[in-house]
Protein chains: 2
Amino acid sequence: MKILIVEDEAKTGDYLKQGLSEAGFTADLVRNGLDGMHEGLSGEFDLLILDVNLPGLDGWQVLKALRAAGRDLPVLFLTARDQVEDRVKGLELGADDYLVKPFAFSELLARVRTLLRRGRAKEPERLALADLELDVLKRRATRAGQRIDLTAKEFALLELFLRRQGEVLARSFIASQVWDMNFDSDTNVIEVAIRRLRAKVDDDFTPKLIHTLRGMGYVMEIR
Amino acid sequence: MKILIVEDEAKTGDYLKQGLSEAGFTADLVRNGLDGMHEGLSGEFDLLILDVNLPGLDGWQVLKALRAAGRDLPVLFLTARDQVEDRVKGLELGADDYLVKPFAFSELLARVRTLLRRGRAKEPERLALADLELDVLKRRATRAGQRIDLTAKEFALLELFLRRQGEVLARSFIASQVWDMNFDSDTNVIEVAIRRLRAKVDDDFTPKLIHTLRGMGYVMEIR
DNA sequence: ATGCAGCCATGAAAATCCTCATCGTCGAAG
DNA sequence: CTTCGACGATGAGGATTTTCATGGCTGCAT
């Protein structure tokens, strides 16, 4: 799989190239938008990692040019800060995912793999149950149309629940997914996290969606 | 490489066995101390992961029996809480490393790999510079004989500095090691972390050990 | 029916970590 | 030597996450 990286900052670019190579991809790096556009038009890449901030031709312009030329490869945007406008603009122009700098490399790798597997996303990825909705890309949740702000852990937990709705999730499973922890009952982080999530997602609404199954774990479903 | 896991709690045991198998090791699991001792005596394993809390024969007894029989394989202890006595007792009995539950699987994997690479530790692993000492196993730091409490990040940072003493560590490198982050200059977490570490390790002592190299990064050394 | 034990919920405090604004300092350039 | 700009230091504030203590509920045993 060939990946093109368009990134002007030397350290970040090298880091990405090396990391992706070590992960078994073929990665090429160019350091400005113009080269990025040319290479991207060549059609030999399966994925494009595109920094928004580039000298000269910026990321948006590169993306626009590629889409205009009918290039359909998946594009992962790198944005400098968590500016909602940036994200939305990128997604509208046809980016398939984005990542806010600074980010963990493992996170990037996960997204790259997802994009390569599923190709270009035609639909924004949305998860929902009853009137609760989660826009995974924009990292935004709403219930009954009301915007809900979530922290990182809350988001991870809710995403897990929504992806597994109707399934009973054991604490050990939740711990391994959300905390990367081998669960050993000497902490109640999970209960507390569930509490926080409930406060935001269930407390002021009906019907309740998060249910406790004594001795087993939790389920998300309509009752 | 064959690894023997002695763990009574089903979930934890299965989790470990599966995780280690997926990482390319051959892992066998037994659920009580007696079986653990017998399998351990068989001599066909390269590493032993041993829970302290076991019904019947506990982890310490198993370890003692193995060492008494002259078995020299590396042993990684799992302790339930961060009880200093437990750690010390385990290490005295001849454990080579320990891990406090709950733990991240990646952490376990890292330790397993270290142990398999270096074999039995004859010496407790200590890092030092001037009158600053760090006992990596006990996760304890002292300077001029005075005990210093460190948080997780502080510990990781200090360990990095001590392992690389005399080397100039660029921010991007520190970020990748301690934060698993792709560094992008829009945050000063590193400066802040250095500040906190200096407050504990350098502020009240002479000579200073952490030095700033403008435009390059930081070094730990005696000046 | 009553009591008990285990499990879970909950609020509050504490710890840790990150962000932000401001200030100081170093070094190059004039 | 002085000035300026960039880089780093620092303190305070805030957000998030974890720990802890307590109390309630459920289902089983008596």
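Every value quoted in this text rests on a predicted model; they were computed, and no experiment measured them.

Caption draft 1: Fine view of the overall build of chain A. Along chain A, the regular secondary structure elements total eight helices and 12 strands. With the C-alpha coordinates aligned to their principal axes, the bounding extent of chain A is approximately 60 × 35 × 25 Å. Across the 223 residues of chain A, 46% fall into the buried class. Considering only intrachain contacts with a sequence separation of at least 6, the fraction spanning at least 24 residues in chain A is 58%. Within the structure as shown, chain A displays about 10,700 Å² of accessible surface, and the carbon and sulfur contribution to it stands at 48%. Across chain A, 34 positive and 37 negative side-chain charges occur, with their mean positions spaced 3 Å apart.

Caption draft 2: Looking closely at the packing of helix α2 (residues 33–41) of chain B against helix α3 (residues 59–68) of chain B. All names here are of chain B. Where α2 contacts α3, the axes come no closer than 9 Å and their chain directions differ by 20°. The angle between α2 and α3 falls in the class roughly parallel. The chirality of how α2 crosses α3 is right-handed. Listed contacts from α3 to G33, G36, M37, G40 and L41 of α2 are V62, A65 and L66. Looking at the contact of α2 with α3 residue by residue, the classes come out as five nonpolar, three polar and no charged.

Caption draft 3: Region of interest: the sheet that holds strand β3 (residues 47–51) of chain B. Residues and elements named next belong to chain B. Read from one edge to the other, the open sheet built from five strands follows the order β2-β1-β3-β4-β5, with strand pairing classed as parallel. Lying at the two open borders of the sheet, with one neighbouring strand each, are β2 (26–30) and β5 (97–100). For this sheet, the mean inter-axis angle between neighbouring strands, taken without regard to orientation, is 20°. Relative to β2, strand β1 (residues 2–6) is paired through five bridges, and the arrangement is parallel. Across the sheet, I5 pairs through a bridge with L29, a residue of β2. Relative to β1, α2 is tilted by about 160°, and along the sheet it contacts β1 and β2.

Caption draft 4: Focus on the protein's contact with DNA strand C. Near DNA strand C you find 20 residues, and of these T212, R214, G215 and Y218 of chain A together with T151 of chain B are the closest. By atom count, sugar and phosphate contribute 72% of the portion of DNA strand C lying within 4 Å of the protein. Here R171 of chain A contributes a side-chain N or O atom positioned 3.2 Å from a sugar or linking oxygen of DNA strand C. Contact distances for DNA strand C include 2.8 Å between a phosphate oxygen and a side-chain N or O atom of R198 of chain A.

Caption draft 5: Representation of the domain arrangement of chain A in the model. Residue and element names in this part refer to chain A. When its domains are assigned, chain A resolves into domain 1 (2–118) and domain 2 (126–220). Centre-to-centre, using C-alpha coordinates, domain 1 lies 31 Å away from domain 2. In this complex, domain 1 contributes eight residues to the contact, which on the side of domain 2 involves four residues. Both faces combined, the contact of domain 1 with domain 2 buries some 500 Å², and carbon together with sulfur accounts for 55% of it. For the interface between domain 1 and domain 2, the tally reads zero salt bridges.

Caption draft 6: Looking closely at the pattern of salt bridges. All names here are of chain A. Within the structure shown, the criterion is met by 38 salt bridges over all chains. E107 is paired through a salt bridge with R111; the nearest N and O atoms lie 2.8 Å apart. With a gap of four residues between them, E107 and R111 both fall in helix α5 (residues 105–118), about one helical turn apart. A residue is classified by how much of its surface remains accessible, and R111, at 13% relative accessible area, is buried.

Caption draft 7: Inspection of the pairing of strand β7 (residues 126–129) of chain B at higher detail. Residue and element names in this part refer to chain B. Residues L127 and L129 line the buried face of β7, whereas the alternating positions R126 and A128 sit on a face that is not buried. Sheet topology places β7 next to strand β8 (residues 132–135); four bridges connect them, and they run antiparallel. Considered in β8, the bridge of A128 is made with E133. Turn length for the β7-β8 hairpin, with the two strands adjacent in sequence and antiparallel, is two residues, and the turn residue A130 shows positive phi of about 50°.

Caption draft 8: Seen up close, the relation of the copies chain A and chain B. Overlaying chain A on chain B yields an RMSD of 0.2 Å, the required transformation being a rotation through 179° with an accompanying axial translation of 0.1 Å. What we have between these two chains is a two-fold relation. Relative to the rotation axis, the C-alpha of S106 of chain A is the closest in chain A, positioned 6.0 Å from it. Residue by residue, 95% of the interface of chain A is reproduced at the interface of chain B, so both copies engage with the same surface.

Caption draft 9: Examining the environment of D135 of chain A more closely. Residues and elements named next belong to chain A. Secondary-structure assignment places D135 in strand β7 (residues 132–135). The exposure class assigned to D135 is buried, which follows from its relative accessible area of 6%. What D135 contacts, discounting residues up to four positions off in sequence, is E125, R126 and R140. Among the polar contacts made by the side chain of D135, one reaches the main-chain amide nitrogen of L137 at a distance of 3.1 Å.

Quick notes on the rules
Residues numbered from 1 in each chain as written. Chains lettered and ligands numbered in written order. Predicted model: local features only at pLDDT ≥ 70, side-chain atom pairs only at ≥ 80, totals over all residues. Heavy atoms only, no water. Helix = DSSP H or I, 4+ residues; strand = E, 2+ residues; numbered from the N terminus. Buried < 20%, exposed > 50% of the residue type's maximum accessible area, 1.4 Å probe, protein only. Contact = heavy atoms within 4.5 Å. Areas by Shrake-Rupley, 256 points an atom, 1.4 Å probe, with all protein chains shown as cover. Lys, Arg positive; Asp, Glu negative; His and termini not counted. Charge placed at Lys NZ, Arg CZ, Asp CG, Glu CD. Axes fitted to C-alpha atoms, helices over the stretch in contact; angles between N-to-C directions. Parallel < 35°, antiparallel > 145°, perpendicular 65-115°, else oblique. Left-handed = near helix turned anticlockwise from the far one by under 90°. Nonpolar A, V, L, I, M, F, W, Y, C, P; charged D, E, K, R; others polar. Pairing = 2+ DSSP bridges. Near = heavy atom within 4 Å. Polar contact = N/O pair within 3.5 Å; in protein donor to acceptor, adjacent residues only side chain to side chain. Domains from an automatic or database assignment. Buried area = accessible area lost by both parts, 1.4 Å probe. Salt bridge = Lys/Arg side-chain N within 4 Å of Asp/Glu carboxyl O. Least-squares fit on C-alpha atoms with pLDDT ≥ 70 in both.

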